[in-house]
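# Observations on chain architecture
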Amino acid sequence: MAKFFIDRPIFAWVIALFVMVLGAISITQLPIAQYPSVAPPTIVLSATYPGASAQTLEDAVLSVIEREMNGSPGLAYMESVAQANGTGSITLSFEPGTNDDLAQVDVQNRLSRATPRLPTTVVQQGVRVDKSRSNFLLFTVLSSSDPNFDITALSDYASRNVLPELQRLPGIGQVQLFGAERAMRVWIEPAKLQSYNLSPADVASAIAQQNAQVSAGSLGDLPLASGQTMSATVVVPGQISTVEQFGNVTLRANADGSTVRLKDVARVELGAQSYATAARLNGKPAAGMGVQLSPSGNALAAAKAVRDRMTELEHYFPPGVSWAIPYDSSDFVRISITEVVKTLFEAIALVFLVMFLFLQNWRYTVIPTIVVPVALLGTFAALLAFGMSINVLTMFGMVLVIGI
């Protein structure tokens, strides 16, 4: 084989150039991470049942979904967590080598079979199916120097204007908001409710019936009557949106003409959807967002994309609102890869010196040294073919190979 390439140097150069080009292209396609992804593929299902206890959530929601997930191809085990604030999750772990895209499709198909048996409130809230890594890539935080812009308004702004922008970035698997959107809060006073002989179920039923979007139809629609010259759509303001409107919701109408309204038995205010989580930056309230990488995402590229997008959105922030990234794991990844690359070049230089020391000939030393970058670039092509990534371990392996 050696004689074949010695007699055909041009053919050898063509193959070397082909390997180098293929390796250079592979470097741009390979994901970059701190360590290789050795954990099995995981799919996370998140459900919300407002007002339910952990036991109710487990019995009515999580256990129903778990029964349908049994038998999914490649499923190794599952883990469910039910919390007292009405939120729960099921983590499905699949065997190593399972295609996570196909696994997610199968999970969604099985979830559709369980959806009709779930409580109506859970179906309205929706069950999320996410495919992302369990650890956080970075945290981005919004804070405000304006005291009138409270934490609820800050979280609501982040949920509506910042969170969707980050979720659309390439390589991002999931973005979690450590805060809550604005919501109409109804704080029932049990003593007053009992004095009117009402129950919390009556309150919930009245709000649901009187806060509905109604399709009222139209006037003068086809087929037109004789002499009809116009048609109009009837618009009925069915949904209520202010504190006063919610307070005037009728709970009961008595025979004597008196009525019991929601404001008579409860305190209605515009507050946060949930008070379970909170974030602080340097001791001050803030709205935090945790960014998780997708299984095939590039840590460095995703972190850079988040910073670039936040810089673009900064121009549209309300006065006094600023952003910061207090934690970014890609910095350590970047430093680690840089140090390993530096060690790689040091190893190449040492190999060159050792070969020259023993061969005592520049020509005999330069020729094998040229082989080193060709072999390294070919290695990157092999990493892409085998589904690996550029990480500390693969780069360290290259350093050892050069030394050998």
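Structure: above.
Residues numbered from 1 in each chain as written. Predicted model: local features only at pLDDT ≥ 70, side-chain atom pairs only at ≥ 80, totals over all residues. Heavy atoms only, no water.

Mapped onto the elements, glycine 126 comes out in the loop between α5 (120-125) and β4 (128-130). Given the relative accessible area of 27%, glycine 126 is considered partly exposed. Spatially, the C-alpha atom of glycine 126 lies 9.3 Å from that of threonine 115, the residues being 11 residues apart in sequence. (Helix = DSSP H or I, 4+ residues; strand = E, 2+ residues; numbered from the N terminus. Buried < 20%, exposed > 50% of the residue type's maximum accessible area, 1.4 Å probe, protein only.)

Our focus in this paragraph is helix α13 (residues 362-385). Taking 1.5 Å of rise per residue, the 24 residues of α13 would be expected to cover 34 Å, and the 36 Å separating its terminal C-alpha atoms lies within 8% of that figure. Taken residue by residue, α13 has Thr365, Thr369, Val372, Val374, Leu376, Leu377, Phe380, Ala381 and Leu383 as its buried positions. The inward-facing, buried residues of α13 contact α2 (9-29), α12 (329-359) and α14 (392-403). In this structure asparagine 361 caps α13, since a side-chain oxygen of it lies 2.8 Å from the backbone nitrogen of arginine 363. Positioned one or two residues after α13, glycine 387 has a phi angle of 75 degrees, which is positive. (Expected span 1.5 Å × (residues − 1). Contact = heavy atoms within 4.5 Å. Polar contact = N/O pair within 3.5 Å; in protein donor to acceptor, adjacent residues only side chain to side chain.)

Attention shifts here to the nonpolar core. The biggest cluster of nonpolar side chains holds 25 residues, and the ones touching the most others in it are Leu142, Val162, Leu166, Met289, Val306 and Phe317. Where this core is concerned, the elements lending two or more residues are β5 (136-144), α6 (151-167), β6 (172-178), β14 (284-293), α11 (299-313) and β15 (321-328). Those residues within four positions of phenylalanine 317 in sequence are excluded, and the remaining contacts are Leu142, Tyr157, Val162, Met310 and Trp323. Within the second largest apolar cluster, 21 residues are counted, among which are Ile43, Tyr49, Leu92 and Val107. (Core = buried A, V, L, I, M, F, W, Y, C linked by side-chain atoms within 4.5 Å.)

Time to look at the packing of aromatic side chains. What the rule picks out here adds up to eight aromatic pairs. Relative to tyrosine 327, the ring of phenylalanine 139 has its centre 5.9 Å away and its plane inclined at 50 degrees; by these criteria the two rings are tilted. Within this pair, whereas phenylalanine 139 is found in strand β5, its partner tyrosine 327 is found in strand β15, the two being separated by 188 residues in sequence. Residue phenylalanine 139 is classed as partly exposed on the basis of its relative accessible area, which comes to 23%. The partly exposed category is assigned to tyrosine 327, whose relative accessible area is 40%. Centre to centre, the rings of phenylalanine 352 and tryptophan 362 are 5.9 Å apart; their planes meet at 40 degrees, and the pair counts as tilted. Pair noted here: phenylalanine 352 is in helix α12 and tryptophan 362 is in helix α13, with a separation of 10 residues, a long-range link. Members of the aromatic cluster, joined through ring pairs, are Phe136, Phe139, Phe178 and Tyr327. (Phe/Tyr/Trp six-rings, centres within 6.5 Å; stacked < 30°, edge-to-face > 60°.)

Here leucine 198 is to be found in the loop between α7 (190-195) and α8 (200-210). For leucine 198, the residues in contact, after removing those within four places along its chain, are Leu193, Leu251, Arg252 and Val260.

Take unusual backbone geometry next. Negative phi is the rule for most residues except glycine; trans is the rule for most peptide bonds. Phi is positive for asparagine 197, which is not a glycine, with a value near 60 degrees. Positive phi, normally seen in glycine, also occurs at asparagine 282, with a value near 55 degrees. The residue asparagine 282 is located in the loop between β13 (279-281) and β14 in this model.

Here the focus is the sheet that holds strand β1 (residues 42-48). Strand pairing in a sheet relies on backbone hydrogen bonds, with the paired strands running either antiparallel or parallel. Overall, antiparallel pairing links the four strands, which are arranged β2-β3-β1-β4 in an open sheet. Across the chains shown, the open sheet's two edge strands, defined by having one partner strand only, are β2 (75-82) and β4. On average, adjacent strands in this sheet sit at an angle of 15 degrees to one another, irrespective of strand direction. As paired elements, β2 and strand β3 (residues 87-94) share seven bridges and run antiparallel to each other. By the bridge assignment, leucine 75 is partnered in β3 with phenylalanine 94. Running over the sheet, helix α3 (residues 54-69) touches β1, β2 and β3 and is turned about 165 degrees from β2. Strands in contact with helix α4 (residues 100-114) are β1, β3 and β4; relative to β1, the strand with the most contacts, it is inclined by about 30 degrees. (Pairing = 2+ DSSP bridges. Axes fitted to C-alpha atoms, helices over the stretch in contact; angles between N-to-C directions.)

We now examine the packing of α11 against α12. With their axes 9 Å apart at the nearest point, α11 and α12 run at an angle of 135 degrees to one another. Considering the angle they form, α11 stands oblique to α12. The two elements α11 and α12 meet at a crossing, and its hand is left-handed. Here Ala299, Leu300, Ala303 and Arg307 of α11 come into contact with α12, specifically with Ser330, Asp331, Val333 and Arg334. Considered class by class, the residues forming the contact of α11 with α12 number four nonpolar, one polar and three charged. (Parallel < 35°, antiparallel > 145°, perpendicular 65-115°, else oblique. Left-handed = near helix turned anticlockwise from the far one by under 90°. Nonpolar A, V, L, I, M, F, W, Y, C, P; charged D, E, K, R; others polar.)

The next thing to look at is α12. A rise of 1.5 Å per residue sets the reference length of α12, with its 31 residues, at 45 Å; its end C-alpha atoms lie 45 Å apart and thus fit the reference within 8%. For α12, the set of buried residues is Ser329, Ser330, Val333, Ser336, Ile337, Val340, Leu344, Ala347, Ile348 and Val351. Structurally, α12 contributes buried residues whose contacts are with β5, α11, β15, α13 and α14. Remark: glutamine 360 follows α12 within two positions and exhibits a positive phi of approximately 55 degrees.

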